[in-house]
Amino acid sequence: MQAKLSFILLAQLFLLSCAQSPSPTSLQLDSTWQSPQSLLGPCDLEILPDNKLLVSDSTLRCIFVLNENGEESARIEHSSLRHPTALAALSTREFFVADIAGNSLLRFNLEGDLLSRFGDEGKAQGLMLRPMGLALAPDSTLWMTEQGNRRVQAFGAVSGMFYGTDRADSLQTPTGIAVARDGSAYFTDAAASRVWHVSAEMEVLAQWGRKEDLPQPRGIALDRFENVYVAEAGRQRIRVYSKKGKLLLMSAMEAAPTALRFDPEGRLYVLSVNPPRAQRFVVRY
């Protein structure tokens, strides 16, 4: 009797574990917003808490503000936006944008006011060269990938720099970045075809990927179960992994995906450059 109860308890725990961390089974297309007359060189997208969509356009040197239906509600233009790349929401009305030409981090509000500017070209901590990815941690630490310095930096409650583990396994072109609830960070290396997972203290927790399997990984995002979604630009797919790098799903895209983001409802937004458009998917588990 006791053995039977133990078996039932173990089975219940197993089912509970599966229920808490389900694996995605498919991505169902929900909406497509294709605006070739508006978007010319989209780089990154961000979702504000009220489901406004921000899109940085490096060609037009501006930030588009779109509503939930993909309609343009505002366009932020400023002399400091020389080549805007990555975006990170700070609140419902403020956000960070990385500028690859100015080697700086800029903080704007939705009215288009430049609230602050941080950074300059250099290799020392606090300086930057070709910033490409941004992500804000729960403790307000701002993580940034730098392709020019081949590193990842963190500013705020946690500060530091990460270059890789050794010369044979160093970063080449760190690109997209996403932060988990525990403050650890996942980021892609487009040239090395690799995904890294490091702790808040920048200790390597996991890494995976090979050029023949994961060509040109770009954007990266985590769903509410912290499954890892990677935009595979080389073969026009989205790959989904577990925290340890186990492949859970591959989904083909009509165009090469470059940036990914989840909204508060758990829907996945996918940005592509050719053609320039954003798509929204419902994730099935």
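Overview of the structure. (Residues numbered from 1 in each chain as written. Predicted model: local features only at pLDDT ≥ 70, side-chain atom pairs only at ≥ 80, totals over all residues. Heavy atoms only, no water.)

1. Observations concerning the pairing of strand β22 (residues 257-262)
Turning to step 1, where the next piece is worked out: Among the 6 residues that make up β22, 6 are buried, leaving the element largely enclosed by the rest of the structure.
Turning to step 2, where the next piece is worked out: One ladder, built from 5 bridges, connects β22 with strand β23 (residues 268-272); its direction is antiparallel. Following the sheet pairing, Arg 261 is matched in β23 by Tyr 269. (Buried < 20%, exposed > 50% of the residue type's maximum accessible area, 1.4 Å probe, protein only. Helix = DSSP H or I, 4+ residues; strand = E, 2+ residues; numbered from the N terminus. Pairing = 2+ DSSP bridges.)

2. So, the sheet that holds strand β17 (residues 204-208)
Turning to step 1, where the next piece is worked out: Pairing within the open sheet is antiparallel, and its 4 strands lie in the order β14-β15-β16-β17. The sheet is open, and its two borders are formed by β14 (174-179) and β17, each paired with just one other strand. When strand polarity is set aside, the average angle formed by the axes of neighbouring strands in this sheet is 20°.
Turning to step 2, where the next piece is worked out: Summarising the sheet, strand β15 (residues 185-189) and strand β16 (residues 194-198) pair through 5 bridges and their orientation is antiparallel. Within β16, the position partnered with Asp 189 by the bridge is Arg 194. (Axes fitted to C-alpha atoms, helices over the stretch in contact; angles between N-to-C directions.)

3. Concerning the layout of surface pockets
Turning to step 1, where the next piece is worked out: Estimates place the volume of the largest pocket at around 750 Å³.
Turning to step 2, where the next piece is worked out: Listed by contribution, the elements that provide at least two residues to the lining of the largest pocket are β2 (42-47), β6 (84-89), β10 (131-136), β14, β18 (217-222) and β22.
Turning to step 3, where the next piece is worked out: Class assignment of the residues belonging to the lining of the largest pocket gives a composition of 18 nonpolar, 2 polar and 8 charged.
Turning to step 4, where the next piece is worked out: Put simply, the second largest pocket is a space of about 330 Å³.
Turning to step 5, where the next piece is worked out: Cys 43, Asp 44, Met 132, Thr 175 and Thr 258 are, among the 23 residues lining the second largest pocket, the residues nearest its centre.
Turning to step 6, where the next piece is worked out: Elements that contribute at least two residues to the lining of the second largest pocket include exactly β2, β10, β14, β18 and β22.
Turning to step 7, where the next piece is worked out: No other element matches the 4 residues that β22 contributes to the lining of the second largest pocket.
Turning to step 8, where the next piece is worked out: Looking at the lining of the second largest pocket, its residues break down into 10 nonpolar, 9 polar and 4 charged. (1 Å grid on protein atoms, 1.4 Å probe; cavity = no way out; pocket = protein on both sides within 12 Å on 5 of 7 lines; lining within 4 Å. Points joined across faces, edges and corners; volume = space filled by probe spheres on them. Nonpolar A, V, L, I, M, F, W, Y, C, P; charged D, E, K, R; others polar.)

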